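So you can see what is in the structure, the chains are spelled out below.
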Amino acid sequence: MKVKKSLVRIFCCILVLNGLFYLSPVTSNGQTPQPVIVRPTELYRSDYDGDGRADLSCHSTSTGIWRIDYASNGYGVWDVNLGGYGLSENRETTADYDGDGRADISVHSITQGKWNIDYASNGFGTWNQSFGGYGGSVNREVPADYDGDGRADISVRSDTGQNWVIDFASGGFGSFDQVVFLVGTI
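None of these values were measured; they are calculated from a predicted model. (Residues numbered from 1 in each chain as written. Predicted model: local features only at pLDDT ≥ 70, side-chain atom pairs only at ≥ 80, totals over all residues. Heavy atoms only, no water.)

Caption draft 1: Main features of the overall build of the protein. The helix and strand tally for the protein stands at one helix and 14 strands. Burial analysis of the protein (186 residues in total) assigns 40% to the buried set. Put simply, 27% of the contacts in the protein that link residues at least 6 apart link residues at least 24 apart. (Helix = DSSP H or I, 4+ residues; strand = E, 2+ residues; numbered from the N terminus. Buried < 20%, exposed > 50% of the residue type's maximum accessible area, 1.4 Å probe, protein only. Contact = heavy atoms within 4.5 Å.)

Caption draft 2: Representation of the pattern of salt bridges. Going through the model one piece at a time under the given rule, you end up with four salt bridges. With a shortest N-O distance of 3.1 Å, Asp100 and Arg102 are connected by a salt bridge. Residue classification places Arg102 among the partly exposed positions, given a relative accessible area of 25%. For the salt bridge of Asp149 with Arg151, the shortest nitrogen-to-oxygen distance reads 3.0 Å. We classify Asp149 as partly exposed; its relative accessible area is 29%. (Salt bridge = Lys/Arg side-chain N within 4 Å of Asp/Glu carboxyl O.)

Caption draft 3: Structural detail: the packing of aromatic side chains. According to the stated counting rule, one finds seven aromatic pairs in the structure shown. Ring centres of Tyr97 and Phe173 lie 6.1 Å apart, and the angle between their planes is 80°; this geometry places the pair in the edge-to-face category. Highlighted residues: Tyr97 in the loop between β7 (90-92) and β8 (105-109) and Phe173 in the loop between β13 (163-167) and β14 (178-181), separated in sequence by 76 residues. Comparing Tyr97 with Phe173, the two get one shared label, buried. (Phe/Tyr/Trp six-rings, centres within 6.5 Å; stacked < 30°, edge-to-face > 60°.)

Caption draft 4: Focus on the environment of Ala54. By the secondary structure assignment, Ala54 is in the loop between β3 (43-46) and β4 (55-59). Those residues in contact with Ala54, other than ones at most four positions away along the chain, are Arg45, Ser46, Ala71 and Tyr75.

Caption draft 5: Just the sheet that holds β7, in detail. Here we have four strands laid out as an open sheet, ordered β7-β8-β9-β10, and antiparallel in their pairing. The sheet is open, and its two borders are formed by β7 and β10 (129-131), each paired with just one other strand. Geometrically, the sheet is characterised by an average inter-axis angle of 20° between neighbouring strands, direction not taken into account. (Pairing = 2+ DSSP bridges. Axes fitted to C-alpha atoms, helices over the stretch in contact; angles between N-to-C directions.)

Caption draft 6: Here's a closer look at the confidence of the model for the protein. The predicted model of the protein has a mean per-residue pLDDT of 78, with 74% of residues at 70 or higher. Mean pLDDT across the elements of the protein bottoms out in helix α1 (residues 2-17) (40) and peaks in β10 (94). Here residues 1-29 scores under 50 on pLDDT; set against residues more than four positions off or in separate chains, the count is 35 contacts. Ignoring residues within four places in sequence, the model shows residues 35-41, a span with pLDDT below 50, making 19 contacts including any to other chains. (pLDDT = per-residue confidence, 0-100.)

Caption draft 7: Just the pairing of β8, in detail. Counting buried positions over the five residues of β8 gives five, a clear majority of the element. Residues Ile105, Val107 and Ser109 of β8 are buried on one face, and the alternating residues Ser106 and His108, pointing to the opposite face, are buried as well. When β7 meets β8, the two strands line up antiparallel, connected through three bridges. Across the sheet, Glu92 pairs through a bridge with Val107, a residue of β8. Note that β8 and strand β9 (residues 114-118) share five bridges and pair antiparallel. Each residue of the ladder has a partner; that of His108, found in β9, is Trp115. Between β8 and β9, which pair antiparallel in sequence order, lie four residues; one of them, Gly113, sits at a positive phi of approximately 70°.

Next up, the structure:
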């Protein structure tokens, strides 16, 4: 079994290095689901179930489907398939926004400047919170725990890296708490 898993990982790494990740496993009932082809930048590693191991996920910007493959039962089959998570105008911003030790599904709409979060703590399936005013296509999403409270903060920076704004989770999301202007460009 370990040899088989290693071969699958090597095969997936080769495909990723060639610019695509292809996942078309056979399910437990013997049926083959539709293959999923995503670019490596669309494949994410986050711990969605809190077991301390990175799960794989991808977001289809053509269908709005978010898929999760949990590490706890072995990689190779999408365990979760969720619809309604935004199309091409959305950028993925997965992080642990509520500090429960599990990654939350999140996207930032570059056309509307809206940040949407679906918390893992109450199960995935619908947006729990949406906040506007977080920039558009000229901004890059950089969520992280900037104040050390154990929760990811919403943050965007300009493409040049000169302007950086942070909305701390500790004060509740909805308005920027800190604006940083850096000298020079990145």
